[in-house]
Structures are given as C-alpha cells and as structure tokens.
Amino acid sequence: MDSPTPGRFDDAPFIRACRGLEVARVPVWFMRQAGRSLPEYRAARGPGSILDAIAQPELVAELTRQPVDRYGTDAAIFFSDIVVPVAAIGFGVDVAPGTGPVVAEPFRSKDDLHRLRPLEPELDTPYVVEAVGILAGSLSVPLIGFAGGPFTVASYLIEGGPSKNFARVKALMHEEPAVWHELMERLVDLALASLRSQLDAGAAAVQLFDSWAGILTPHHYEALVLPATRRLFAELAQSHPDVPTILFGVGTGELLALMATAGSTVVGVDWRVPLDQARRRVGPDLAVQGNLDPALCLGSWEVARAETREVLALAGTRPGHIFNLGHGVLPETDPAILEQVVELVHAEGRAGVAAS
Ligand code: CP3
C-alpha cells in the first residue's frame, strides 16, 4: 500500500482551523455526513448489518467519498462505527438498523473485564487499515479518523443498547469504582490502538465521539471519565505529535471547560451552546467545532440559512472555527439544504479568514 505523505494536508483549511491558524475560508464538514440522508448511500449500502458494510474497504471508501463529492465539504469522515473495535475483539456487539448498537451479553461485573482484550488493528480490523489507506491515497481533502469515547462505548456495553437514563452505567460507575476505572482504561486502550492504526494508514486528524458524556455532572465527568480521556490524548500526542484532535459530546454545555483540559486541539460543541459562549468556556488556546442544530436543516432553506448565519456570527472572526452541525445529520435531511449550507459557509464565513 502506498504510504501517505505526512503533512500533505498542512495547508488545508480544515487542518489550519484545527490548529487555530488563519484560513482562506471557514472549513465545514458534517458529523454523519455519510448515511441515509444520501440516496447514493442507500443505493450502495445494501441490506445487512452496517458492520458487514464496514468490513468492505472499497465500499467504505465509496461511502466516505460520497458526501465530499456531493457537498464539497473540507474534510471526509471515515465510514465506520464507534463499536467496531469492541465488536472486532469479540464482545458480541451488533448495530441494529433504526436502533444503534446492541450487545447480546452486556457488561455486568468484574468478570466481564477479560472480554475486553487489547486490539491488534492489523489482525482484528485489517479492513479499517485497508480502507483508510485507499482513502488517504485518493481523497482531495483530509480524512478524519475516529473512535468512540470511553463513556459512550461503556454505556452501550453496560446498558446493552441505547439508553434514556443510563441507570446501569451510573450504578456501575458509583458502586464499583475499581471495575469502572479498569473498564475506562481498557476502552481507552482500544480507542488508542484504533486511532493510531487510522493515523498510520493516512488519516490526517481524529475525532473522539464521547457522544453521551453530557449525561454526567461536571464533577462525575471530571473524576470518572476525564482522567482516562486525558491519557488517551496524551499518549496519542506522543506517538503522533501535531495531529489535530477533536473531542465531541452532546449536551456538554456544563462540561466544555473540563473537556478543554482533556488534551485535544479542538472541542466539538452541540447546538445548545452559543459559540461565543463556547469559545469563552473552552478558552483561547483551542479551536471550536459546530454547531448548527441538525433539526433546523429539516425544513426550509430560509430557516437553515438564517441559522447558519447566526452560527457564523457567534463564531466571530477569531481563527479556530470549524463549521459543523451540533450533532449528526438526521436521516430525513434533504441533501440540497446541506449543499447550500456548505456554499454559504464558504462564501460568508469569516473566522480567521486572511485579509486579501
Ligand atoms: O458520516 C459519518 O459520520 C459516517 C460514519 C459514522 C457512523 N457512525 C456510521 C453509521 C460515525 C462517525 C459514527 C459514529 C457513531 N456511531 C456514534 C457517534 C456519533 C453520534 O451520532 O453521536 C454513535 C453514538 C454510534 C452508534 C450508532 N451506530 C448509532 C446510534 C447508530 C444509529 C442507528 C440508526 O440506524 O439510526 C448507528 C448506526 C450507523 N452508524 C449508521 C451509520 C451511517 C446508520 C445507518 C445504517 O445502518 O446504514
């Protein structure tokens, strides 16, 4: 496989914005930009579990490219899922259409820790390494690799599927702190191995999706999730210095200042927090990513346009803004709206745009 050139995308607006540098135009991509909102996705994906699709490198490359080709986004997000490493080591996870990850035998106690052995990416997820390699050698924009954050992956393993109140996770966190701690460390090791393999194969940046961490109080996030998250970013920075890293979660308004200490270079912000406030909470050294409400892309262009302009205005003119939605693209979104959002951000975004 061709070895990708490190630093090939150093001048790309997405990479520069992640580093807080001036850009020629505000970069934009969308979480979940691949997927059911695109007719070309529905046509190519075929039936069966998404985990089957993820194991086919040529298909993954195609699904990753589709939104870049259609929307002209400034980055591609690797087509995969946050449960791929745990599924690959045999924990017994599938992804049910319309539901999300489901676990046949959920994590219940100390006795389940042995089910989380280390990931050997070349052996356990060779299809990830291969697909990233194909993309890194052919994409014209940076590829973002990703992994699930430790709280979010733990929540699926413990609850056995999606959860509303996260009662079982919270019980384990508080009643079995030593088991919880070991679980966090193992999940961080899995994420780290996966992220490193994606970077080695040519991803230009990575995002850690700790999507559901916002369900926690700041104190509990700080004591029970942040230490492991910090280790992840610290170790990643050692093996892959200068690689832009993004930490994202939903409903994290009260956690943003803490998330800013995790060691990522960018903090992703959901739609609930105005970006000027998010910038204050995150501090001057980190870039922010976000945060158009995905639900406001479901209706008329007039509404989406006004809200896009509002996000741009709140982001201000200081460098270090990557435009995105505040969470993933909803499946019923009309792609034409997102196409126009990209155009508008490129035409009117001002954060860090070098004076010409
Ligand atoms: O463009 C992209 O972002 C594609 C790559 C991607 C997927 N999942 C593909 C996928 C990414 C980055 C993810 C991350 C992911 N997976 C997260 C974090 C992001 C977030 O939304 O907060 C989470 C929580 C998961 C777990 C998961 N996988 C859920 C909740 C679902 C949705 C279930 C459904 O069917 O509505 C999945 C399935 C999934 N992962 C789909 C896609 C495109 C659904 C479509 C399909 O089955 O073809």
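Our subject is the structure that appears above.
Keep in mind that what you see is a predicted model, and the values were worked out from it rather than measured.

## Structural notes on the layout of surface pockets
Size it by volume and the largest pocket reaches roughly 1200 Å³. Counting only elements with at least two residues in the lining of the largest pocket, the list comes to helix H2 (39-45), strand S2 (93-96), strand S3 (100-103) and helix H8 (150-159). Along the lines of polarity and charge, the residues of the lining of the largest pocket split into 24 nonpolar, 11 polar and 5 charged. By volume, the second largest pocket is sized at about 420 Å³. Pro 6, Gly 7, Ala 203, Ala 204 and Val 243 are the residues nearest the centre of the second largest pocket, which is lined by 21 residues in total. Residue composition of the lining of the second largest pocket, by class: 11 nonpolar, 5 polar and 5 charged.

## Observations regarding the pattern of salt bridges
Per the counting criterion, the structure on display carries 12 salt bridges. For Glu 40, the salt bridge identified is with Arg 70, shortest N-O distance 2.9 Å. Of this pair, Glu 40 sits in helix H2 while Arg 70 sits in helix H4 (residues 57-71); the two residues are 30 residues apart in sequence, bridging distant segments of the chain. Note on Glu 40: relative accessible area 23%, which makes it partly exposed.

## Here's the deal with empty space enclosed by the protein
Applying the stated criterion to the full structure yields 2 cavities of 30 Å³ or more. Quantified by volume, the largest cavity comes out at close to 90 Å³. Contributing to the lining of the largest cavity are Ile 82, Pro 85, Val 86, Ala 147, Gly 148, Gly 149, Pro 150, Val 153, Leu 187, Leu 190 and Ala 191. For the lining of the largest cavity, the elements supplying multiple residues, two or more each, are helix H5 (84-88), strand S4 (143-148), H8 and helix H10 (177-200). For the lining of the largest cavity, the element with the highest residue contribution is H10, accounting for 3 residues. Among the residues making up the lining of the largest cavity, the classes are represented as 9 nonpolar, 2 polar and no charged. Taken together, Phe 78, Ser 80, Asp 81, Ile 82, Val 84, Pro 85, Thr 125, Val 128, Phe 146, Ala 147, Ser 194 and Gln 198 make up the full set of residues lining the second largest cavity. Those elements that provide at least two residues to the lining of the second largest cavity are H5, S4 and H10. Of the residues belonging to the lining of the second largest cavity, the class tally is 7 nonpolar, 4 polar and 1 charged.

## Some words on the sheet that holds strand S5 (residues 205-209)
Across the sheet, which stays open at both edges, the 7 strands sit in the order S1-S4-S5-S6-S7-S8-S9 with parallel pairing between neighbours. Two strands bound the open sheet, and with one partner strand each, they are strand S1 (76-77) and strand S9 (321-325). Both strand S7 (residues 266-268) and strand S8 (residues 287-292) contribute to a ladder of 3 bridges, which runs parallel. Among the inter-strand pairings, Gly 268 is bridged to a residue of S8, identified as Gln 289.

## Re the packing of aromatic side chains
Evaluated as defined, the whole model comprises 6 aromatic pairs. Relative to Phe 248, the ring of Phe 209 has its centre 6.2 Å away and its plane inclined at 80°; by these criteria the two rings are edge-to-face. Of the two residues, Phe 209 is situated in strand S5 and Phe 248 in strand S6 (residues 245-248); the sequence distance between them amounts to 39 residues. Take Phe 209 and Phe 248: they sit in the same class, and that class is buried.

## Notes on the site of the ligand
Around the ligand sit 25 residues, and of these Tyr 41, Arg 45, Gly 98, Ser 211 and His 327 come closest. Contact distances for the ligand include 2.5 Å between an oxygen atom and a side-chain N or O atom of Ser 211. Surface burial for the ligand is 92%, taken as the share of its 860 Å² of free accessible area covered by protein chains. At the level of elements, H2 and S3 are the ones that each hand at least two residues to the shell around the ligand. Each residue belonging to the shell around the ligand can be placed in one class, and the counts come to 14 nonpolar, 7 polar and 4 charged.

## Notes on the pairing of S4
Burial of S4 is extensive: 6 of the 6 residues sit out of reach of the surface. Burial along S4 is two-sided: the face carrying Leu 143, Gly 145 and Ala 147 and the face carrying Ile 144, Phe 146 and Gly 148 are both buried. Pairing of S1 with S4 involves 2 bridges; the strand directions are parallel. If you follow Ile 77 over to S4, its bridge partner there is Ile 144. Sheet topology note: the S4/S5 ladder contains 5 bridges and is parallel. Directly across from Gly 148, in S5, lies its bridge partner Phe 209.

## Digging into the side chain of Asn 291
Looking at where Asn 291 falls in the secondary structure, it is placed in strand S8. For Asn 291, the residues in contact, after removing those within four places along its chain, are Val 269, Asp 270, Trp 271, Val 273, Leu 275, Val 311, Asn 324, Leu 325 and Gly 326.

Analysis parameters
Residues numbered from 1 in each chain as written. Predicted model: local features only at pLDDT ≥ 70, side-chain atom pairs only at ≥ 80, totals over all residues. Heavy atoms only, no water. 1 Å grid on protein atoms, 1.4 Å probe; cavity = no way out; pocket = protein on both sides within 12 Å on 5 of 7 lines; lining within 4 Å. Points joined across faces, edges and corners; volume = space filled by probe spheres on them. Helix = DSSP H or I, 4+ residues; strand = E, 2+ residues; numbered from the N terminus. Nonpolar A, V, L, I, M, F, W, Y, C, P; charged D, E, K, R; others polar. Salt bridge = Lys/Arg side-chain N within 4 Å of Asp/Glu carboxyl O. Buried < 20%, exposed > 50% of the residue type's maximum accessible area, 1.4 Å probe, protein only. Pairing = 2+ DSSP bridges. Phe/Tyr/Trp six-rings, centres within 6.5 Å; stacked < 30°, edge-to-face > 60°. Near = heavy atom within 4 Å. Polar contact = N/O pair within 3.5 Å; in protein donor to acceptor, adjacent residues only side chain to side chain. Areas by Shrake-Rupley, 256 points an atom, 1.4 Å probe, with all protein chains shown as cover. Contact = heavy atoms within 4.5 Å.

Note that all results are geometric; they support no functional claim without further evidence.
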